[in-house]
Amino acid sequence: MIKVENLKKNYGSLEVLKNINLTVEEGEKLVIIGPSGSGKSTLIRCMNYLEEPTAGEVYINDQLMTKKNRGEMARKYSSMVFQQFNLYPHMTVLQNLTLAPIKLQKVPKKEAEATAMKYLERVGLADKAGAYPQNLSGGQQQRVAIARALCTKQKLILFDEPTSALDPEMVQEVLDVMVGLSKENITMVCVTHEMGFARQVADRVIFMDGGYIVEEGTPEHFFTNPENERTKAFLSKILH
Amino acid sequence: MEVLPEEYIPGFIMTLKVALAGLLLALALGVIFGMLSTVKVKVLNVIARIYVEFFQNTPLVVQVFFYYNCLPFVIGGRVPKFIIGVIGVGIYHGAYISEVIRTGIEAVPRGQFDAAYSQGFTYIQTMRYIILPQTLKMIMPPLANQALNLVKNTSVLAMIAGMDLMYHADSWGSDLGYFVQAYLPCALLYFVICFPIAKLSRYLEIRAKRTPVPKKMKGVA
């Protein structure tokens, strides 16, 4: 589904990603963990070209991604859920969900709305269709954002720290939705600090530090016997 | 004597026409140059910058005199006063509106672009469906302010015998020597146009700060 080859990303003289090689299979649930500044958000943002790599290639379904085709690739294959939700504040929940299907995928309005209601029900917010993002709590906004990502029916969803901006008591409602999602044949790439979630849904976990992938393996491997010293140190700080 | 000399009527209409057409031109220029100054293309930013700085930092009167006296040589023909008025206030306020729109676009959080691009919207679609509607809500108050100033600034036309409200008021007053009787109703007529715009600006400012009320959904929920 995704192939990342020799990926490098610099901001001026700062090297954020140094040499990343990574393959994600179709239907795989990949969790990326690592300390702040390790480059994990930059990596996931390179996967849909929100950040343009300084060097190296990203392939989605064997198609090379470029600055030119990134819109087309996004329309075809991927959607994203952000830390700050990024719902469109001037639109109702229903309009947020149907904008891309109607304008980009040319789905008839009635059909797009029916699909949107189906996914809203799934995230437990069917009664909020007419609300504006400002009327909702953080957890509700993020669930709407997930529903929005589902409405375009792509095979790949990128999650960039989806629970990091939430009040602690709202984290679970969002994670529950994501766990539900993980049972489907959707490829999920998720940057997160939620180790419980990683353990529960990940097929594979990668640990990043200093712009490199330091260690990768099954959640089993990671949480029972990590090999790398840096990984051990990181995990010992966040697992209690 | 009459309260409102009848020469004022064509003048008032001329002022209205210049203001309306000038506002349309200013909005068009403002949107174009406002967007040019926010895209990530250096050349376009520079072009927008030059336009804004030049027209903001030279007096409107100089610009209008230039169009009146120099433009005929450049294009080789007479330019109607109406057109001079429209391009005069249009280009001048276009520069200000461009700045209003630039700051409005920059005030929309970066994440909105991310969300739109992640869904596959092009730059133009992102602007049209996602960024500009949010910008518009924020910039309506300063935009109304610009419209108000534009109306008042159409009065520079009087200096080139532009047949506008101020010109008629001045010529009527000078002919008869009734300056107070000439200028007061003239001011009042400008006030009649501008005061509602000022009120509108205030209303839009309050409305922009309000939290939206959830819509009642029929049939879907």
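Calculation criteria
Here, residues in each chain are numbered from 1, in the same order as that chain's written sequence. By the order in which they are written, chains take letters starting at A while ligands take numbers starting at 1. Where totals are concerned, whole chains, interfaces and linings use all residues; where local detail is concerned, this predicted model gives features only for residues with pLDDT of at least 70, and gives and counts side-chain atom pairs only at 80 or more. With hydrogens and water stripped out, all remaining heavy atoms of the structure feed into the side-chain values. Secondary structure elements follow DSSP: runs of H or I no shorter than four residues count as helices, runs of E no shorter than two count as strands, and numbering proceeds from the N terminus. The globule rule used for comparison is 2.2 Å times the number of residues to the exponent 0.38, while the radius of gyration itself is calculated over C-alpha atoms. Categorising residues by exposure relies on relative accessible area from a 1.4 Å probe, with only protein chains included: less than 20% of the type maximum marks a residue as buried, more than 50% marks it as exposed, and the intermediate range marks it as partly exposed. Note on areas: Shrake-Rupley, 1.4 Å probe, and residue coverage restricted to the protein chains presented here. The patches described consist of residues with a relative accessible area above 30% and no salt bridge, like charges being joined within 9 Å and nonpolar side chains (Val, Leu, Ile, Met, Phe, Trp, Tyr) within 5 Å. One speaks of a salt bridge when a side-chain nitrogen belonging to Lys or Arg is within 4 Å of a carboxyl oxygen belonging to Asp or Glu. Expected helix span is computed as 1.5 Å times (number of residues minus one). It only takes one pair of heavy atoms within 4.5 Å for two residues to be counted as in contact. Note on terms: buried area is the combined drop in 1.4 Å-probe accessible area of two parts once they are placed together, counting the loss on both. Polar contact is defined as a pair of N or O atoms within 3.5 Å, subject to the rule that within protein one atom must be able to donate a hydrogen and the other to accept it, and that residues adjacent in sequence are counted only when both atoms are side-chain atoms. All residues other than Ala, Val, Leu, Ile, Met, Phe, Trp, Tyr, Cys, Pro, Asp, Glu, Lys and Arg, Gly among them, are scored as polar; the first ten of these are nonpolar and the last four charged. For two strands to pair, DSSP has to find at least two bridges joining them. UniProt positions are given in the numbering used here, feature names are shortened, and annotations may be inferred rather than shown by experiment. Joining through side-chain atoms within 4.5 Å is the link that ties buried Ala, Val, Leu, Ile, Met, Phe, Trp, Tyr and Cys residues into a set, and such a set is a nonpolar core. Every axis in this analysis is a line fitted to C-alpha atoms, fitted for helices over the stretch in contact. Angles between the N-to-C directions lie between 0 and 180 degrees.

*Asks:* Would you mind showing me how to read the overall build of chain A here?
*Replies:* The number of helices and strands found in chain A is nine helices and ten strands. Here chain A has a C-alpha radius of gyration of 18 Å; the compact-globule value for 240 residues is 18 Å, and the two agree. Counting only C-alpha atoms and orienting by the principal axes, one finds that chain A spans roughly 55 × 45 × 30 Å. Taking all 240 residues of chain A together, 58% fall into the buried category. Per element, the accessible surface of chain A, about 10,100 Å² overall, is 45% carbon and sulfur.

*Asks:* Explain a nonpolar patch on the surface to me, please; I cannot follow it from the model alone.
*Replies:* Taken together, L188(B), F191(B), V192(B) and F195(B) make up a surface patch of nonpolar side chains, about 410 Å² in accessible area. The class for L188(B) is exposed, based on a relative accessible area of 54%.

*Asks:* Would you mind going over helix α5 (residues 138-151) of chain A with me for this structure?
*Replies:* An α-helical turn contains 3.6 residues, so a residue and the one three or four places further along point in the same direction. Residue and element names in this part refer to chain A. With 14 residues, α5 extends 20 Å between its outermost C-alpha atoms, agreeing within 8% with the 20 Å of an ideal straight helix rising 1.5 Å per residue. Burial runs high along α5: 14 of the 14 residues are buried. Positive phi appears at K153, one or two residues downstream of α5, with a value of about 60 degrees.

*Asks:* How do you make sense of unusual backbone geometry when you look at a structure like this?
*Replies:* Trans is the common state for peptide bonds, and a negative phi is the common state for residues other than glycine. One non-glycine residue, Y49(A), lies in the positive phi region at around 60 degrees. Although it is not a glycine, M163(B) adopts a positive phi angle of roughly 60 degrees. Mapped onto the secondary structure, M163(B) falls in the loop between α7 (123-153) and α8 (165-176).

*Asks:* Where do I start with the environment of M65(A) in this structure?
*Replies:* All names here are of chain A. Within the secondary structure layout, M65 lies in the loop between β5 (63-64) and α2 (70-76). Given the relative accessible area of 4%, M65 is considered buried. Through-space distance from the C-alpha of M65 to that of K109 is 30 Å; in sequence the pair is 44 residues apart. Discounting chain neighbours no more than four positions away, the residues touching M65 are C46, M47, N48, Y49, V58, I60 and M73.

*Asks:* Explain the interface of chain A and chain B to me, please; I cannot follow it from the model alone.
*Replies:* How large an interface is tends to be reported as the accessible area lost when its parts come together. In this complex, chain A contributes 35 residues to the contact, which on the side of chain B involves 24 residues. Summing the contributions of chain A and of chain B, the shared interface buries around 2,400 Å²; its carbon and sulfur component is 61%. Our count for the contact surface shared by chain A and chain B stands at one salt bridge. When the shortest N-O distance is used, the salt bridge between D114(B) and R45(A) registers 2.9 Å. Taken together, the links from chain A to chain B amount to nine residue pairs in polar contact (both at pLDDT 80 or more). Elements supplying a minimum of two residues to the side of chain A that touches chain B: α2, β6 (78-81), α3 (93-103) and α4 (109-122) of chain A. Examining the composition of the side of chain A that touches chain B, we find that five residues originate from one element, α3(A), more than from any other. A class-by-class count of the residues in the side of chain A that touches chain B yields 17 nonpolar, twelve polar and six charged.

*Asks:* Help me understand the sheet that holds strand β2 (residues 14-24) of chain A, please; the structure alone is not making it clear to me.
*Replies:* Backbone hydrogen bonds hold the strands of a sheet together, and the pairing may be parallel or antiparallel. Residues and elements named next belong to chain A. With antiparallel pairing, four strands are arranged side by side in an open sheet as β2-β1-β4-β5. Bordering the open sheet on either side are β2 and β5, each of which pairs with just one other strand. Alignment of strand β4 (residues 55-60) against β5, held across two bridges, turns out to be antiparallel. Bridge pairing links I60 to Q63 in β5.

*Asks:* Is there a simple way to explain the UniProt feature "domain: ABC transmembrane type-1" (unreviewed entry) in chain B in this structure?
*Replies:* Residues annotated by UniProt as "domain: ABC transmembrane type-1" (unreviewed entry) correspond here to residues 12-201 of chain B. Secondary structure content for residues 12-201 of chain B is 83% helix and 0% strand, while the C-alpha to C-alpha distance between its ends is 23 Å.

*Asks:* What should I look at first to understand the nonpolar core in this one?
*Replies:* Across soluble globular proteins, nonpolar side chains have a tendency to be buried as a group. Core analysis: the biggest nonpolar cluster contains 92 residues, and I2(A), L22(A), L43(A), I60(A), V189(A) and F121(B) have the highest contact counts within it. Sort the elements by how many residues they give to this core and α7(B) lands first, with eleven residues. Beyond its immediate stretch of four places on either side in the chain, V189(A) contacts I2(A), V24(A), L30(A), I32(A), I44(A), M47(A), L156(A), I157(A), L158(A) and F159(A).

*Asks:* So what exactly am I meant to see when it comes to the sheet that holds β6(A) here?
*Replies:* All names here are of chain A. Strand order across the open sheet formed by six strands is β6-β7-β8-β3-β9-β10, with mixed pairing between neighbours. For this open sheet the edge positions go to β6 and β10 (212-217), each flanked by a neighbour on one side alone. Pairs of neighbouring strands in the sheet enclose a mean axial angle of 20 degrees, with direction left out of account. Examined bridge by bridge, strand β7 (residues 156-160) and strand β8 (residues 187-191) share five bridges and lie parallel to one another. Bridged to I157 within β8 is M188. The strands touched by α5 within the sheet are β6 and β7, with β6 carrying the most contacts at an inclination of about 180 degrees.

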